[in-house]
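This is what each chain is made of:
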Amino acid sequence: MIHFNEINKEITLDGSTVRWIDGEFHAWGETKTPEGVSCTCRRFFTPRGRLREEYVFTNTTDSLIGINEGDLGIWTPFNDSYASSGICEKYNCHAHIWCGGTSSFVNCLAMSGKAPHLGLVLTSGNISSYLCERRETSDDRGDIMLLSAPFILIPGAEAVISWEIFEHSYDDFFSILEEYENYVPIHSPYFTFFENENPEILIKNEKRELQNSLGYFKENENGALYAYQVLPEFDLLVKKRCEFIKTHQQETEGKLKGAYTVFDNETGQRIFEEMPRPNHNAGRERAGMSVLMAKYLQKHYDSGLFSSLKMNIDFILRAYFNPETGEVFNMFPRDNSRRRIYNNAWYATLFREMYKLTKDKTYLEYMCGAFYDLYSHGGENFYPLNIEMCDSIKCLEKENMLCAKERLFNHFKKNADFILKNGTAYPPYEVSFEDNIVTPAGDICAQMYELTGEEKYLAAAREHLEIHKIFLFFQPDARMHGVSIHHWDDFWFGKRELYGDTYPHYWSSAGSLFYARMSNYESVEKDKFLRIASAGIRSCLGCFFPDGSTTCAIVTPYSVNGKKGQFIDPWANDQDWALYHAILFDEEFGI
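Here's what I pulled together on the structure shown here. (Residues numbered from 1 in each chain as written. Predicted model: local features only at pLDDT ≥ 70, side-chain atom pairs only at ≥ 80, totals over all residues. Heavy atoms only, no water.)

What about the overall build of the protein?
Helix and strand content of the protein: 15 helices and 29 strands. Residue burial in the protein is summarised as follows: out of 591 residues, 62% are buried. Look at the contacts in the protein between residues 6 or more apart in sequence, and 67% of them connect residues 24 or more apart. Total accessible area on the protein is roughly 21900 Å²; 48% of this is exposed by carbon and sulfur atoms. Between the mean site of the 59 positive side-chain charges and the mean site of the 84 negative ones, the protein shows a separation of 4 Å. (Helix = DSSP H or I, 4+ residues; strand = E, 2+ residues; numbered from the N terminus. Buried < 20%, exposed > 50% of the residue type's maximum accessible area, 1.4 Å probe, protein only. Contact = heavy atoms within 4.5 Å. Areas by Shrake-Rupley, 256 points an atom, 1.4 Å probe, with all protein chains shown as cover. Lys, Arg positive; Asp, Glu negative; His and termini not counted. Charge placed at Lys NZ, Arg CZ, Asp CG, Glu CD.)

Focus on empty space enclosed by the protein
In this structure the tally under the stated criterion is three cavities of 30 Å³ or more. Roughly 50 Å³ of volume is contained in the largest cavity. The wall of the largest cavity is formed by Ile97, Trp98, Cys99, Ser104, Phe105, Val106, Leu120, Leu122, Ile127, Leu146 and Trp163. Listing elements by their share of the lining of the largest cavity, those giving two or more residues are β8 (93-98), β9 (105-110) and β10 (117-124). Of the residues contributing to the lining of the largest cavity, the split by class is ten nonpolar, one polar and no charged. (1 Å grid on protein atoms, 1.4 Å probe; cavity = no way out; pocket = protein on both sides within 12 Å on 5 of 7 lines; lining within 4 Å. Points joined across faces, edges and corners; volume = space filled by probe spheres on them. Nonpolar A, V, L, I, M, F, W, Y, C, P; charged D, E, K, R; others polar.)

What to know about helix α11 (residues 455-468)
Turn by turn, an α-helix covers 3.6 residues, leaving residues three or four places apart pointing in a common direction. The first and last C-alpha atoms of α11 sit 20 Å apart over 14 residues, in line with the 20 Å expected at 1.5 Å per residue. Inspection of α11 places Tyr457, Leu458, Ala460, Ala461, His464, Leu465, Ile467 and His468 among the buried residues, and these make up the whole buried set. (Expected span 1.5 Å × (residues − 1).)

Considering the layout of surface pockets
In this structure, the largest pocket occupies an estimated 790 Å³ of space. Taken together, 34 residues line the largest pocket, and the ones lying closest to its centre are Tyr170, Phe174, Phe474, Lys528 and Ile532. Looking at the lining of the largest pocket, the elements that each hand over two or more residues are α2 (173-177), β15 (186-187), β20 (224-231), α11 and α14 (526-540). Per-element tally for the lining of the largest pocket: the top contributor is α14, with five residues.

Observations concerning the state of the cysteines
Counted under the stated rule, the structure contains zero disulfides. Free cysteine: Cys88, not disulfide-bonded; nearest cysteine sulfur from Cys93 at 10 Å. Left without a disulfide partner, Cys132 is nearest to the cysteine sulfur of Cys99, which lies 9.8 Å away. (Disulfide = S-S within 2.5 Å.)

Section: the environment of Ser508
With respect to the secondary-structure elements, Ser508 resides in helix α13 (residues 508-519). If we skip the residues at most four places from it in the chain, Ser508 touches Asp435, Gly482, Val483, Ser484 and Cys540. At a separation of 2.9 Å, a polar atom in the side chain of Ser508 contacts the main-chain amide nitrogen of Ser484. (Polar contact = N/O pair within 3.5 Å; in protein donor to acceptor, adjacent residues only side chain to side chain.)

Brief notes about the sheet that holds strand β17 (residues 200-203)
Taken together, the three strands give an open sheet; going across it, the order is β15-β17-β18, and neighbouring strands pair in antiparallel fashion. Edge positions in the sheet fall to β15 and β18 (206-209), since each of these pairs with one other strand and no more. In the sheet, β17 pairs with β18 via four bridges, with the strands oriented antiparallel. Across the sheet, Ile201 pairs through a bridge with Arg208, a residue of β18. (Pairing = 2+ DSSP bridges.)

Re the environment of Ala460
Among the structural elements, Ala460 can be located in helix α11. By relative accessible area, which is 8% here, Ala460 ends up buried. A C-alpha to C-alpha distance of 20 Å links Ala460 and Leu530, two positions 70 residues apart in sequence. Non-local contacts of Ala460, meaning those with residues more than four positions away in its chain, are made with Leu420 and Cys445.

Points about the pairing of strand β1 (residues 2-5)
A regular strand places its side chains so that they alternate between the two faces of the sheet. Side chains Ile2 and Phe4 project from β1 onto a buried face, and the interleaved His3 and Asn5 project onto a face without burial. Count of turn residues in the β1/strand β2 (residues 10-13) antiparallel hairpin: four residues, of which Lys9 carries a positive phi of about 55°.

Considering the packing of helix α6 (residues 342-358) against helix α15 (residues 576-589)
Any two packed helices are characterised by how steeply their axes cross, that is the angle between the axes, and by the distance between the axes. Contact geometry of α6 with α15 gives a least axis separation of 14 Å together with a crossing angle of 50°. Taken together, the axis directions place α6 and α15 in an arrangement best described as oblique. In the packing of α6 onto α15, the handedness of the crossing is left-handed. For the pair α6 and α15, contact is made by Trp346, Thr349, Arg352 and Glu353 and by Trp577, Tyr580 and Leu584, respectively. Classifying every residue of the contact of α6 with α15 by side-chain character gives four nonpolar, one polar and two charged. (Axes fitted to C-alpha atoms, helices over the stretch in contact; angles between N-to-C directions. Parallel < 35°, antiparallel > 145°, perpendicular 65-115°, else oblique. Left-handed = near helix turned anticlockwise from the far one by under 90°.)

What is shown is where atoms sit, not what they do.
As structure tokens, then:
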């Protein structure tokens, strides 16, 4: 049952410890209106025990008042913030927002993954976007205001925005929405299509064919919004991206010769900055460009691209990796004054893919060196993201590098056992609690199950998957469908440096691969897991464009702290891991 505290403006549910509302700057139900518009709120419970709120906006002047986007809204400060995992799993929620016009909703999922959860469905009015006011921290999404679509209010007239708030169990969320006349069910396994496909979706259970031309399209179905995108055929998309990296993002002379760098699509300039923002250097996450190139060339050899990659590898060996010791460096040149062991697994991945490309087992020695460096600096008590244990072991077996295989397996097992011992008490890293902590926890356990056959690891992986699934939801939008919430990446990786929700975010594709891996062990839910994985993988490709250019962040809110949002950041930075993950998914399951 739902309860509302009129004094504190708090919503609670029986059987839940979650504090669904927690405004730092604004209380629930505060409104923003232009001059001359007043607002009253009527709040009551329906016979079904649901909380109904009706906000009545009145033009108190003798003149027409035009309401533009951003002028009128209602504060809904859901408690979507990250403290320790223990606090998050007890008190906090993920707020999955869909500003779908007359068919808008919010799905608030308890961070524990355990029901009951909270839902909001629009019953009158039109919600077109949302804004945020927040502190500049990766650990708090901020206070959220749902914004009305533009309209004109004549003198003395009233406009109503109303919604109902309800309890749900997760699986029944959409069926509850369908009880409401305003809601228009718009469904598809995914909203990202390739040019060689025939895009179609279901609207009110009827097939609707979509235009098959390249681009991202926002559509309006009698007031209900949805968005889809059509991309070039998958192999062509990857080819164009690799060619763009070679042509536009590689330094060809000087101390950075060979480096793949950040690229500014506005100015056409390559960017390199080491301090104070190593997220703009030519190492760290930028290794994703090298990994993508190595993976692509394994099946689509091109001498020009291979020469580019070889020059890049030479740079990495000079700047970010010591082949003799295996040390992975965080900053240029070979600088570990601020060590960051996230980098190690990424360079290990690069060297493994280089081995597969060249058949030169020297790269396996480099791979092992990167792993040994990881585990000699606390890696066994760490949650390394995008670590591939199974394939690393297979490659060592193939080359009969049995001592290295045994040593590496022992490290992997100690790493998995540390995660197993912690359960869902996730330690804080660069963000206190995020999908990129949950994803490696589950994926490492799943891989250790594959390597050992011990059921305890599979049980742990399943537990992490239940936590992971509530980071994402299935809004009818190609950039959001099956994608986890991230709200700090433009600040750290983009040119605009603005906090705020970024949809899609490329690391969400790592979670999609976790789902795909788990499908191998779940016969009953295999198809469901693959649909979720495919949806997320495809949505993450929304960062890439037909000419091979790309963006590190698409900032979704209308505004953040008064700064305009709803933009595609000009910088290409760290997003190429999504394309690499898509190739991996395509190889095993078909994209």
